[in-house]
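Chain residues, written in single-letter form:
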Amino acid sequence: LDKFKEAITFADKAFATGDAPAKSWYQIRLNSFYQGEDYAGSAAYATELMAKEPDNRQWLSIAVSSYLSLEKNSEALALLNAAKNKNQLDSAELWTQLYQLYSNSDQFSEAGAAIEEGIAKGFLKSDAKRMSSLGQNYYMGAQAVEGKPEAKPMLDKAIEAFKRAIPLDLKNGEAELWLGQILLLDRDDAKGGRTYLASAVTKTLDKPGNAYYLLGVAEDQIGNRVAAKAALVKAQGYPESKGNATTYLKNFK
């Protein structure tokens, strides 16, 4: 009936009788806090239940979800790390929450390492989406330490991850768009970038205009003026790239 406060009241009365509680009593009480959007209550009660049953992943999952709903990412991350240290992360959901929390906290290298560990332990699939996530986290990590010695190896890991993503989804061009951008803008390799970008525009992309714009820049740097202009004109047809493409073409000589 979605009367969650009343459900908690009667659950408490059931516990107060002294009868041996069924497992469902704990689940009803915890779910009533969570579904009633009393996330502070569900976080506290889930933590209490974790102390009683440390091997029950349901309590851990709801505790983490509660902290996320409260926007207390550091508390959620601490719980997951404590569970990882006890070898208690045994589902794709928990490993995904771990690396996404690292990423949302701008700890990109840690996020990448968590993805790799989750894959190595068999809990995360090394599919195209995961490889792209790995590449994006290492790329953002490299950007965060730009100019420092650790930036290059992290960018190398990003490139490797995106290359691994390509054959896993041949219809999607996002990984090739990332590779083209990295080679063009971060590695000063216009020819290499052009190869990936030219392939990316033939596939499914969330924002194809960005790929056409970068392709135009790459073609221009290589000296392919006709191809560069054609790509930039294409980029003008998309809202995400219209402004940049128009500005570039104005300066196109």
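Residues numbered from 1 in each chain as written. Predicted model: local features only at pLDDT ≥ 70, side-chain atom pairs only at ≥ 80, totals over all residues. Heavy atoms only, no water.

Participant: Describe the nonpolar core, naming the residues involved and giving the relevant values.
Facilitator: Counting 51 residues, the largest nonpolar core has L30, L60, L79, L80, L89, L98 and F162 as its most contacted members. In terms of residues, this core owes the most to one element, helix α9 (residues 151-165), which gives eight residues. One finds L177, V201, L205 and A231 within the second-largest nonpolar core, a separate group that totals 16 residues. (Core = buried A, V, L, I, M, F, W, Y, C linked by side-chain atoms within 4.5 Å. Buried < 20%, exposed > 50% of the residue type's maximum accessible area, 1.4 Å probe, protein only. Helix = DSSP H or I, 4+ residues; strand = E, 2+ residues; numbered from the N terminus.)

Participant: An account of the environment of K152 is requested, with residue identities and associated values reported.
Facilitator: With respect to the helices, strands and loops of the structure, K152 is situated in helix α9. A relative accessible area of 54% places K152 in the exposed class.

Participant: Can you tell me about the packing of helix α8 (residues 128-144) against α9, naming the residues and giving the values?
Facilitator: Contact geometry for α8 and α9: axes closest at 8 Å, N-to-C directions at 160°. Here α8 lies roughly antiparallel to α9, going by the angle between them. The chirality of how α8 crosses α9 is left-handed. Between α8 and α9, the contacting residues are A128, M131, S132, L134, G135, Q136, Y138, Y139, G141 and A142 on the first element and A151, M154, L155, K157, A158, A161, F162, R164 and A165 on the second. (Axes fitted to C-alpha atoms, helices over the stretch in contact; angles between N-to-C directions. Parallel < 35°, antiparallel > 145°, perpendicular 65-115°, else oblique. Left-handed = near helix turned anticlockwise from the far one by under 90°. Contact = heavy atoms within 4.5 Å.)

Participant: Account for the packing of helix α13 (residues 225-235) against helix α14 (residues 242-250), naming residues and giving values.
Facilitator: Between α13 and α14, whose axes approach to 8 Å, the crossing angle comes to 145°. You can see that α13 and α14 cross each other, and the crossing is left-handed. Contacts from K229, L232, V233 and A235 of α13 reach α14 at K242, A245, Y248 and L249.

Geometric descriptors of this kind do not, in isolation, establish any biological role.
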